[in-house]
Amino acid sequence: VVELEKQRRQKEEEEATATAAAEAQRKADEAAAAIHSKNQGREQEEEAVLILAELERKRIEQEQEAAAAKQKAQEEAERITALNVERQAMKDLVVDIEKLIKEKKNNAYYKILGVESTASLADIKKAYRKRALKLHPDKDKHGCGTDDAFKALAHVYGVVSNEESRQKYDRENNRRRSVSLDP
């Protein structure tokens, strides 16, 4: 009986030990699962932070691209406006030259060159070169029809750059002016 009692106690102790071991194992498994779950939460949190950072980077990049596109559009609009102003100035110059040639007013040749009738030969040459560059048909990027104006400019320069023909032109101008002033 003592032996049976001993075996029974030993069996109870073994069962209690097994139960305690199983309970300890269960708690260890729960702790491991909690740690794993916590680590997964951290990983998910870190992944979410990375995604948010990437989205913010893309938003900033899009804003910069939009600002650059807006700047480029504004520069293009300014360039087009400047070209239109330049084209209109060229057309006005051509029209003015053609009008001066047709009207044959006093000092028209000097006006075509954009100088005074008292201008020196150096000033006339400088003014001619400047106008010739503007009016040259090869440089007519606006399609203003500068051919005739360029030819007229060359003729005008030929007259006023030669001292003898310039004096003749000035005498004719003075004669025309005195005739137009007589009642």
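None of the values given here were measured: they were computed from a predicted structure.

1. Here's the deal with the packing of helix α1 (residues 2–103) against helix α3 (residues 121–135)
And then number 1: Taken N-terminus to C-terminus, the directions of α1 and α3 make an angle of 115°; their axes are 11 Å apart at the nearest point. Considering how the two elements wind past one another, α1 and α3 form a crossing that is left-handed. Of α3, the residues touching α1 (which contributes M90, L93, V94 and I97) are R131, K134 and L135.
And then number 2: Looking at the contact of α1 with α3 residue by residue, the classes come out as 5 nonpolar, no polar and 2 charged.

2. Quick notes on a negative patch on the surface
And then number 1: Taken together, the side chains of E43, E45, E46 and E47 define an acidic patch exposed on the protein surface.
And then number 2: Structurally, the position occupied by E45 is in helix α1.

3. Some thoughts on the environment of R176
And then number 1: As for its position among the elements, R176 is in helix α5 (residues 163–181).
And then number 2: With 162 residues separating them along the chain, R176 and E14 place their C-alpha atoms 141 Å apart.

4. Observations regarding the confidence of the model for the protein chain
And then number 1: Here the protein chain averages 85 in pLDDT, while 95% of its residues score no lower than 70.
And then number 2: Within the protein chain, the element-level pLDDT minimum falls on α5, averaging 79, and the maximum on α3, averaging 92.

5. Re a nonpolar patch on the surface
And then number 1: A cluster of nonpolar residues, I51, L52 and L55, forms a patch on the protein surface that exposes about 310 Å² of accessible area.
And then number 2: With respect to the helices, strands and loops of the structure, L55 is situated in helix α1.

Basis of the calculations
Residues numbered from 1 in each chain as written. Predicted model: local features only at pLDDT ≥ 70, side-chain atom pairs only at ≥ 80, totals over all residues. Heavy atoms only, no water. Axes fitted to C-alpha atoms, helices over the stretch in contact; angles between N-to-C directions. Helix = DSSP H or I, 4+ residues; strand = E, 2+ residues; numbered from the N terminus. Left-handed = near helix turned anticlockwise from the far one by under 90°. Contact = heavy atoms within 4.5 Å. Nonpolar A, V, L, I, M, F, W, Y, C, P; charged D, E, K, R; others polar. Patch = residues over 30% accessible without salt bridge, like charges linked within 9 Å, V, L, I, M, F, W, Y side chains within 5 Å. Areas by Shrake-Rupley, 256 points an atom, 1.4 Å probe, with all protein chains shown as cover. Salt bridge = Lys/Arg side-chain N within 4 Å of Asp/Glu carboxyl O. Lys, Arg positive; Asp, Glu negative; His and termini not counted. Charge placed at Lys NZ, Arg CZ, Asp CG, Glu CD. pLDDT = per-residue confidence, 0-100.

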